[in-house]
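Examination of the molecular architecture
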Amino acid sequence: MADMTYVSIGSAPTVPAGDLARDADGCCPPAVQRSRIIVAGDLRSTRYQRITTALGFGGEAALHAYCAARDLL
């Protein structure tokens with residue numbers, strides 16, 4: 001069970017307050033985040049600001065959380 005989720009709709013990354021690592025563009029690359037932080041959608045990179053890609057990242061985040069909860073990673 002997640003403690004919180006964050007949704008941002010727009011064309012520029014809007015990063016929530018907290019300990020997320022950001023790059024020069026204001027995005028939060030998944031490779032530099034702490035464990036158990038799942039970054040999806042437009043927060044990942046400025047290259048992927050499309051709805052279909054964001055949906056794919058959301059599915060990837062859900063699968064990652066599922067596997068982590070069952071120690072499958």
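Data block above holds the structure.
Notes on the structure follow. Fair warning: this is a prediction, and the values are worked out from it, not measured in the lab. (Residues numbered from 1 in each chain as written. Predicted model: local features only at pLDDT ≥ 70, side-chain atom pairs only at ≥ 80, totals over all residues. Heavy atoms only, no water.)

Next up on the list: the state of the cysteines. Taken as a whole and judged by the stated rule, the model has 0 disulfides. There is no disulfide at Cys28, and the cysteine sulfur nearest it, in Cys27, is 7.1 Å away. (Disulfide = S-S within 2.5 Å.)

This part covers the pattern of salt bridges. In the structure shown here, the tally under the stated rule is 1 salt bridge. The residue Arg34 makes a salt bridge to Asp19 at a minimum N-O spacing of 3.6 Å. Of the two residues, Arg34 is situated in the segment before helix H1 (51–69) and Asp19 in the segment before H1; the sequence distance between them amounts to 15 residues. Across the pair, Asp19 and Arg34 agree in class, each one exposed. (Salt bridge = Lys/Arg side-chain N within 4 Å of Asp/Glu carboxyl O. Helix = DSSP H or I, 4+ residues; strand = E, 2+ residues; numbered from the N terminus. Buried < 20%, exposed > 50% of the residue type's maximum accessible area, 1.4 Å probe, protein only.)

Let us look at the environment of Pro30. Along the chain, Pro30 falls in the segment before H1. Pro30 sits 13 residues away from Leu43 along the chain, and the two C-alpha atoms are 9.0 Å apart. Residues within four places of Pro30 in sequence aside, it is in contact with Val39 and Arg44. (Contact = heavy atoms within 4.5 Å.)

This paragraph deals with the side chain of Gln33. Note that Gln33 resides in the segment before H1. According to the relative accessible area criterion, Gln33 is buried, its value standing at 11%. Looking at Gln33, its side chain comes within polar contact range of the main-chain oxygen of Ala21, at 2.8 Å. A polar contact of 3.0 Å, which involves the side chain of Gln33, links it to the backbone oxygen of Pro29. Sequence-distant contacts of Gln33, that is, excluding residues within four places in its chain, are made with Leu20, Ala21, Cys28 and Val39. (Polar contact = N/O pair within 3.5 Å; in protein donor to acceptor, adjacent residues only side chain to side chain.)

We now examine unusual backbone geometry. Trans peptide bonds make up the majority, and among non-glycine residues the majority have a negative phi. Backbone geometry at Arg36 places phi at a positive 75 degrees, although glycine is not the residue there. Residue placement: Arg36 occurs in the segment before H1. For Arg36, a relative accessible area of 83% corresponds to the exposed category.

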